[in-house]
Amino acid sequence: MYELSAFMTGIYNRCLDHAERSPRWHGNAILAIALSGFAIALFLAPIWVFVSYFVVVIGGVQIYMPAHSKVWTKRDEIRKDQFAKTMKTRKLLKGTRFDK
């Protein structure tokens, strides 16, 4: 059981590293491509291809997307806090000689 847990943690950490290095649209593109492939496999492929696609590809996407979401939620919160600090500073400087 420990080996399985260590293996899955390693996969999640690799996904987290990839999500930190890539732009936001990569995660959205991965999800869109996986879902379009899922729809194609659902309607056109034999059942064994559909099941293997579901396990391999959709399983991988289900591991990657929470890591992607975690990274971008954190980055959005940092940007939001920076913007709030900037607006607070502008408000404090308004009406002084630094207001230009």
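Please refer to the structure placed before this passage.
So, how was this worked out
- Residues numbered from 1 in each chain as written.
- Predicted model: local features only at pLDDT ≥ 70, side-chain atom pairs only at ≥ 80, totals over all residues.
- Heavy atoms only, no water.
- Salt bridge = Lys/Arg side-chain N within 4 Å of Asp/Glu carboxyl O.
- Helix = DSSP H or I, 4+ residues; strand = E, 2+ residues; numbered from the N terminus.
- Patch = residues over 30% accessible without salt bridge, like charges linked within 9 Å, V, L, I, M, F, W, Y side chains within 5 Å.
- Areas by Shrake-Rupley, 256 points an atom, 1.4 Å probe, with all protein chains shown as cover.
- Phe/Tyr/Trp six-rings, centres within 6.5 Å; stacked < 30°, edge-to-face > 60°.
- Buried < 20%, exposed > 50% of the residue type's maximum accessible area, 1.4 Å probe, protein only.
- Lys NZ or Arg CZ within 6 Å of the ring centre and 35° of its normal.

1. Focus: the pattern of salt bridges
Here comes step 1: For the structure on display, the rule yields one salt bridge.
Here comes step 2: For arginine 24, the salt bridge is made with aspartate 76, and the minimal N-O distance between the two is 2.6 Å. Placement of arginine 24 in helix H2 (residues 24-44) and of aspartate 76 in helix H3 (residues 47-93) is noted, with a sequence separation of 52 residues between them.

2. Some remarks on a nonpolar patch on the surface
Here comes step 1: On the surface, Ile47, Trp48, Val51, Phe54, Val55 and Val56 cluster together into a nonpolar patch covering about 680 Å² of accessible area.
Here comes step 2: The topology assignment puts phenylalanine 54 in helix H3.

3. Considering the packing of aromatic side chains
Here comes step 1: The tally for this structure, following the rule as stated, stands at three aromatic pairs.
Here comes step 2: Arranged with centres 5.3 Å apart and planes meeting at 45°, the rings of phenylalanine 38 and phenylalanine 50 form a pair that is tilted. One end of the pair, phenylalanine 38, is in helix H2; the other, phenylalanine 50, is in helix H3, with 12 residues separating them in the sequence.
Here comes step 3: In this structure phenylalanine 38 comes out as partly exposed when scored by relative accessible area, which is 23%.
Here comes step 4: Aromatic rings pair up to connect Phe38, Phe50 and Phe54 into one cluster.
Here comes step 5: Its guanidinium or amino end placed over the ring of tryptophan 72, arginine 75 lies 4.6 Å from that ring's centre, counting from NZ or CZ.

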